[in-house]
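Architecture at a glance
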Amino acid sequence: KDMHIISTDENQVFAAVQEWNQNDTYNLYISETRGIHFTLALENVKTSRGLEGNIMIDLYEVAGIKGMFLANKKLENQVKTHITYNKGRDWRLLQAPSADLRGNNIHCVLPFC
């Protein structure tokens, strides 16, 4: 239904594609170095609408660190943050900190938080 080019660094294309059966999520794809063939990198990345109705994909590139991205993935009516250090080849759940800014303990055990 829709497609957005996220990145074209290092002779690869990183694209977000909304499939026919998706309403508020996109799938992320990464190309090989020629930019012709694509592989699914992460499914069901959450989206939202901006003030002007534009689509905002919950995917963030970490400035200054090549290949590091954060993405909010929707799974079974929950949204979980995933991280990749190699431009989408491997994703894992982002671990919550053990304490908040005030030093209060956070009781969080993956994958339930």
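Before reading on, note that the structure itself is shown above.
A brief report on the enclosed structure follows. Just so it is clear, the structure is predicted and the values come from calculations on it, not from any experiment.

Digging into the overall build of the chain
Helix and strand content of the chain: 0 helices and 9 strands. The linear arrangement of helices and strands in the chain, starting from the amino end, is β-β-β-β-β-β-β-β-β. Taking the principal axes of its C-alpha atoms as reference, the chain extends roughly 50 × 30 × 25 Å. Contacts in the chain between residues far apart in sequence, at least 24 positions, make up 22% of those at least 6 positions apart. A total of about 7,800 Å² of accessible surface is found on the chain, and carbon and sulfur atoms cover 52% of it. Where the 12 positive side-chain charges of the chain centre and where its 13 negative ones centre are 3 Å apart.

Observations regarding the pattern of salt bridges
This model, assessed by the stated rule, comprises 4 salt bridges. Lys 46 serves as the salt-bridge partner of Asp 24, at 3.3 Å between the closest nitrogen and oxygen. Residue Asp 24 is found in the loop between strand S2 (14–18) and strand S3 (25–31), and its partner Lys 46 is found in strand S4 (residues 38–49); the two are separated by 22 residues along the sequence. Residue Asp 24 is classed as partly exposed on the basis of its relative accessible area, which comes to 26%. Residue Glu 32 is joined to Arg 34 by a salt bridge in which the shortest nitrogen-to-oxygen separation is 3.3 Å.

Notes on the packing of aromatic side chains
Tallied over the full model, the rule gives 1 aromatic pair. Look at Phe 14 and Phe 69: their rings are 5.0 Å apart centre to centre, the planes differ by 65°, and that puts the pair in the edge-to-face class. In this pair, Phe 14 is assigned in strand S2 and Phe 69 in strand S7 (residues 69–75), connecting sequence segments 55 residues apart. Residue class for Phe 14 comes out buried when judged on its relative accessible area of 0%.

Some thoughts on the side chain of Gln 18
Inspection of the secondary structure assignment puts Gln 18 in strand S2. Relative accessible area serves as the criterion here: at 9%, Gln 18 is assigned to the buried category. Polar side-chain contacts of Gln 18 include one of 3.0 Å to the backbone oxygen of Asn 23. Beyond its immediate stretch of four places on either side in the chain, Gln 18 contacts Lys 1, Asp 2, Asn 23, Asp 24, Thr 25 and Tyr 26.

Some details on the environment of Arg 89
Of note, Arg 89 is situated in the loop between strand S8 (78–84) and strand S9 (92–93). Put simply, Arg 89 and Leu 42 are 47 residues apart on the chain and 8.8 Å apart in space, counted from C-alpha to C-alpha. Here Asp 90 takes part through its side chain, which lies 3.3 Å from a polar atom of the side chain of Arg 89.

Comments concerning the pairing of S4
One ladder, built from 6 bridges, connects S3 with S4; its direction is antiparallel. Of the residues in S4, the one forming a bridge with Ile 30 is Thr 39. Remark: 6 residues form the turn of the hairpin made by S3 and S4, two consecutive strands paired antiparallel; Gly 35 in that turn has positive phi of roughly 75°. Where S4 lies against strand S5 (residues 55–57), 3 bridges are found, and the strand directions are antiparallel. Bridging across to S5, Thr 47 finds its partner in Ile 57.

Analysis parameters
Residues numbered from 1 in each chain as written. Predicted model: local features only at pLDDT ≥ 70, side-chain atom pairs only at ≥ 80, totals over all residues. Heavy atoms only, no water. Helix = DSSP H or I, 4+ residues; strand = E, 2+ residues; numbered from the N terminus. Contact = heavy atoms within 4.5 Å. Areas by Shrake-Rupley, 256 points an atom, 1.4 Å probe, with all protein chains shown as cover. Lys, Arg positive; Asp, Glu negative; His and termini not counted. Charge placed at Lys NZ, Arg CZ, Asp CG, Glu CD. Salt bridge = Lys/Arg side-chain N within 4 Å of Asp/Glu carboxyl O. Buried < 20%, exposed > 50% of the residue type's maximum accessible area, 1.4 Å probe, protein only. Phe/Tyr/Trp six-rings, centres within 6.5 Å; stacked < 30°, edge-to-face > 60°. Polar contact = N/O pair within 3.5 Å; in protein donor to acceptor, adjacent residues only side chain to side chain. Pairing = 2+ DSSP bridges.

Read these as spatial facts, not as claims about activity.
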